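Read off the chains here:
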Amino acid sequence: ASAYFLGVTISVPLASWSDKVGRKKIFVSCIILNSVAIIGLLLSRNIYLSVASMFLLGFATVGRLIVGFVYLMEFLTPKQQVVIGTLYSVCEAIC
């Protein structure tokens, strides 16, 4: 769990980096990295690969969520942003 939260902590600057590089590039990269981390966890046979995969999973998951949310909001009207943003927040709180 510590490796996961270290990845979460380090991924915070992805939001500002996505403003410079582009949200789509960061979002797609995080989805790919998330998939690689999950496959690494599934196929892991030693603790070192598990810890590295958990770090990558934490990094990619938070990056995917933060950048993905902002990316989604760009395509919506202000009224839709309120509704979808509220539903998204409720779903995040429940899940």
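Before reading further, recall that the structure is shown in the block above.
Okay, so let's go over this structure. (Residues numbered from 1 in each chain as written. Predicted model: local features only at pLDDT ≥ 70, side-chain atom pairs only at ≥ 80, totals over all residues. Heavy atoms only, no water.)

The tally for this structure, following the rule as stated, stands at two salt bridges. Put simply, Asp19 and Arg23 hold a salt bridge, and the shortest N to O gap is 2.6 Å. Relative accessible area serves as the criterion here: at 22%, Arg23 is assigned to the partly exposed category. Here Arg23 makes a salt bridge to Glu74, at a shortest N to O gap of 2.3 Å. (Salt bridge = Lys/Arg side-chain N within 4 Å of Asp/Glu carboxyl O. Buried < 20%, exposed > 50% of the residue type's maximum accessible area, 1.4 Å probe, protein only.)

Structurally, Thr61 can be placed in helix 4 (residues 47–74). Accessibility expressed as a relative area gives 12% for Thr61, which makes it buried. A distance of 2.7 Å separates a polar atom in the side chain of Thr61 from the backbone oxygen of Leu57. Each residue touching Thr61, except ones within four places of it in the same chain, is listed here: Tyr4 and Asn34. (Helix = DSSP H or I, 4+ residues; strand = E, 2+ residues; numbered from the N terminus. Polar contact = N/O pair within 3.5 Å; in protein donor to acceptor, adjacent residues only side chain to side chain. Contact = heavy atoms within 4.5 Å.)

This brings us to the packing of aromatic side chains. One pass over the structure, following the stated rule, counts four aromatic pairs. Both rings, one in Tyr71 and one in Phe75, keep their centres 5.2 Å apart while their planes meet at 80 degrees; by these two values the pair is edge-to-face. One aromatic cluster is present, built from ring pairs that chain together Phe27, Tyr71 and Phe75. (Phe/Tyr/Trp six-rings, centres within 6.5 Å; stacked < 30°, edge-to-face > 60°.)

Closest axis-to-axis distance for the helix 3 (residues 23–43)/helix 4 pair is 7 Å, and the angle between their directions is 150 degrees. By the angle class used here, helix 3 and helix 4 are roughly antiparallel. The crossing of helix 3 and helix 4 is left-handed. Of the residues that constitute the contact of helix 3 with helix 4, the class distribution is 17 nonpolar, seven polar and four charged. (Axes fitted to C-alpha atoms, helices over the stretch in contact; angles between N-to-C directions. Parallel < 35°, antiparallel > 145°, perpendicular 65-115°, else oblique. Left-handed = near helix turned anticlockwise from the far one by under 90°. Nonpolar A, V, L, I, M, F, W, Y, C, P; charged D, E, K, R; others polar.)

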